[in-house]
Structures are given as structure tokens and as C-alpha cells.
Amino acid sequence: MASEAELIADLRCATGESPVWVAAEQALYWVDIPNRELLRWSATDGQLSRWQGEQMLACIARHGDGWVAGMESGFFALQTGPDGRLDSRPLATIDHQLPAMRMNDGRCDRQGRFWAGSMALDMAAGHPVGALYRLDDQAARGPLVPQLDGFIVPNGLAFSPDGRTMYLSDSHPGVQKIWAFDYDTDSGTPSRRRLFVDMLEYPGRPDGAAVDAEGCYWICGNDAGLIHRFTPDGRLDRSLAVPVKKPTMCAFGGPRLDTLYVTSIRPGGDLADQPLAGGLFALNPGVTGIEEPAFTRN
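Keep in mind that this is a model prediction, so the values were computed, not measured.

**Q** Talk me through the layout of surface pockets; I want residue IDs and the actual numbers.
**A** A volume near 340 Å³ is recorded for the largest pocket. In terms of lining, the largest pocket is formed by 19 residues, of which the most central are T15, R102, M119, M123 and I265. Only β10 (101–108) and β18 (205–211) provide two or more residues apiece to the lining of the largest pocket. By residue class, the composition of the lining of the largest pocket is eight nonpolar, six polar and five charged. Its boundaries defined by the atoms lining it, the second largest pocket holds a volume of some 220 Å³. Lining the second largest pocket are 19 residues, and of these V20, W21, R62, E292 and P293 sit closest to its centre. Listing elements by their share of the lining of the second largest pocket, those giving two or more residues are β2 (16–22), β6 (59–63), β10 and β22 (247–253). Looking at the lining of the second largest pocket, the element that brings in the most residues is β2, giving five residues. Its residues assigned to classes, the lining of the second largest pocket shows 13 nonpolar, two polar and four charged.

In C-alpha cells form, the structure reads like this:
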């Protein structure tokens, strides 16, 4: 693969997000949030498939032969149907602070707990009502309790290879910070929050992220068309470009987990300078990734 970004699927997603590589299928899944779609691209034959959900889909993780997802009202188990529809079963509800809210970025920790953040639909209003939730064995007993709160747009969730460090960002233009936490793998509890990277010092707002096998943190620089790699001590190691302004999230995939797949947003307005916005891209990052855990706690 060439070092520059390769267009994999020109689907023009409104908000492509949450790419997940499924090794058993040699396929990449991702979502288009406002269009309520789950999408699949086969690396074997290039075939594209899509399924329609009943709520906005924000983030996904593998769950048996289906999926767990953060949607509008909480967490759901999903199954793809032959008719292009997604069958959904509620796992846990969220009592949002405002009516117009949804889940946003999310993924599993190394022990198979599913984490996701919430946000107000009107991001520009800057309401600090976003919170981070954990779905595990005890979750389906009623509305979930926030584990962390006070965010505007929680994003960039990732875990170190040993699972003992959790990363989290806030994408809002007025924040643009990435934090690191100590993470108790037994209880699933983050602690000792500290600043990892101040993204105001770098191009792009911090969006979705991934961690490679060397423990480095890859974060999409939304608005800058860049994917940044930071070392575990917070040093910028390299930046890779994509031909769109708004990359949203990255994920390692391919037979050797040495391809970095990147989803993107297709904003409104004149797109003459970025006709491929909303597409799915592949990069050669020069390192290998780690297989993302499935949800196994419920």
C-alpha cells in the first residue's frame, strides 16, 4: 500500500464513525451516525453492505455474532437481518441531562466492558452535560450511573495494550484536551486523571482514537485532515494526512493489523476542495495494531 491515503469506500457518510475490524470475516464495520446505519466493507472482495437501525448509531463493539452499540437512549444489542434492518434489544438505558442527546464515541476495555460517552446534539451550544458510562455484568439493573461527567463532547476513548491506562478527550473547540487515567482492570475504574496532550498546540480537534502494539496513541485531528501518533509520554511522533478535513476515528485492521482505517464526515456546504469527504480511507502507519476486544460482560 502506498504511504498516502487510499480511498476504500466512497459512501459519503454524513458522520462515519467507530470503525471495527473483524478478523474472522476480514471485514471492516463502521457506522453513519445521523443516517442510523451500520456498514460493512469486505477486504476479500470489496463488497459493501449496510443495515438500518431505529435510532442513531454512535459506537459499536463485537458481541457474539452481533454487536453492542451506544445509540440515542442507551446501550443495545444488535443483530443484522437479511432485509437490511438491524434488530435491536435494549441492554441499559441512560437518563440524559437534556432531551436532545445521544451516545458518542465508545469501545471495550481489555476485559470486555463496553464504555461510551454521551453528548448534546447541539455541540455548538457547549453544554457540559456529556458523561462517560460503563456497560458490564451489573449494568442492566436500571439506568446507568455516569462514571465521569462534565464533558461537552467526550471522545478519543482508548486503552493501553496492558489495559492499565485509559485515554479520553473532549473534542469541543473550547476544550480540545486529551487526558490519561490509571485504570483498575479488576473493577473497571479510572482514576488519577491528568493531561496527556493539549491539542490546542497541534492542528485539529481530538476525535476518535486507537492504540497500536507499541502503546502509542493515534488520534484523528478533525478539521485538519490529519491522524496524529503520540508516544505514551505525550510526545508527537508523526502525523499522517487524509484528503478530507474531518477524519473522525481510526482503527487497525488487515490480515496483519498493519493497516489504519479512517472514517470521516461529509459536512454541508461547498466541498469542491474535498469531494471524498465522508469516505472510508486506509493508511500505511508503519506499525501494527491490537485486535479490539469484544463485549463479553453481559
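The structure having been displayed, the exposition proceeds.
**Q** Explain the pattern of salt bridges to me, and be specific about the residues and the numbers.
**A** The final tally for this structure, using the stated rule, is 19 salt bridges. Of the charged contacts, one joins K177 and D198 as a salt bridge, the two residues approaching to 3.7 Å between their closest N and O atoms. Of this pair, K177 sits in strand β16 (residues 177–184) while D198 sits in strand β17 (residues 189–198); the two residues are 21 residues apart in sequence, bridging distant segments of the chain. Among the residues examined, D198 registers a relative accessible area of 18% and is labelled buried. Here D182 and R192 are joined by a salt bridge, their closest N and O atoms 2.9 Å apart. Taken together, the residues D182 in strand β16 and R192 in strand β17 connect sequence positions ten residues apart.

**Q** Could you give me a rundown of the sheet that holds strand β23 (residues 259–264), with the residues and numbers involved?
**A** Picture the strands of a sheet paired through backbone hydrogen bonds; they go either parallel or antiparallel. Reading across from one edge, β1-β24-β23-β22 is the order of the four strands in this open sheet, with antiparallel pairing throughout. Across the chains shown, the open sheet's two edge strands, defined by having one partner strand only, are β1 (6–9) and β22. The sheet shows a mean angle of 30 degrees between the axes of neighbouring strands, direction not considered. Pairing between β1 and strand β24 (residues 280–283): three bridges, direction antiparallel. Pairing of L7 across the sheet is with F281, part of β24.

**Q** Break down the sheet that holds β2 for me, with residues and values.
**A** Within the open sheet, the four strands sit side by side as β2-β3-β4-β5. Their pairing is antiparallel. Two strands close off the open sheet at either side, each with one partner strand: β2 and β5 (48–52). Averaged over all pairs of adjacent strands, the angle between strand axes in this sheet comes to 20 degrees, irrespective of strand direction. With five bridges connecting them, β2 and strand β3 (residues 27–32) associate as antiparallel partners. Residue pairing across strands places V20 opposite Y29, the latter belonging to β3.

**Q** For the side chain of T248, give the residues involved together with the corresponding values.
**A** Inspection of the secondary structure puts T248 in strand β22. For T248, a relative accessible area of 1% gives the class buried. Among the polar contacts listed, one links the side chain of T248 to the side chain of T263, at a separation of 2.6 Å. In this structure the side chain of T248 is engaged in a polar contact, spanning 3.5 Å, whose partner is the backbone nitrogen of S264. Leaving out residues up to four positions away in the same chain, T248 has contacts with G16, E17, D207, G208, C220, N222, T263, S264 and I265.

**Q** Kindly report on the UniProt feature "binding site: substrate" (unreviewed entry) in the chain, identifying the contributing residues and their values.
**A** Here, the residues flagged by UniProt with the feature "binding site: substrate" (unreviewed entry) are R102, N104 and D122. These residues run over 21 residues, yet every pair of their C-alpha atoms falls within 12.8 Å of each other. Within this annotated set, the largest pocket is lined by R102 and N104. Within the secondary structure, N104 is located in strand β10. Ignoring anything within four residues of it in the chain, the contact list for N104 reads A58, C59, G117, S118, M119, V153, P154 and N155. Examined against the element boundaries, D122 turns out to sit in the loop between β11 (114–120) and β12 (130–135). Look at D122 and you get partly exposed, because its relative accessible area is 47%.

Conventions we followed
- Residues numbered from 1 in each chain as written.
- Predicted model: local features only at pLDDT ≥ 70, side-chain atom pairs only at ≥ 80, totals over all residues.
- Heavy atoms only, no water.
- 1 Å grid on protein atoms, 1.4 Å probe; cavity = no way out; pocket = protein on both sides within 12 Å on 5 of 7 lines; lining within 4 Å.
- Points joined across faces, edges and corners; volume = space filled by probe spheres on them.
- Helix = DSSP H or I, 4+ residues; strand = E, 2+ residues; numbered from the N terminus.
- Nonpolar A, V, L, I, M, F, W, Y, C, P; charged D, E, K, R; others polar.
- Salt bridge = Lys/Arg side-chain N within 4 Å of Asp/Glu carboxyl O.
- Buried < 20%, exposed > 50% of the residue type's maximum accessible area, 1.4 Å probe, protein only.
- Pairing = 2+ DSSP bridges.
- Axes fitted to C-alpha atoms, helices over the stretch in contact; angles between N-to-C directions.
- Polar contact = N/O pair within 3.5 Å; in protein donor to acceptor, adjacent residues only side chain to side chain.
- Contact = heavy atoms within 4.5 Å.
- UniProt positions renumbered as here; feature names shortened; annotations may be inferred.

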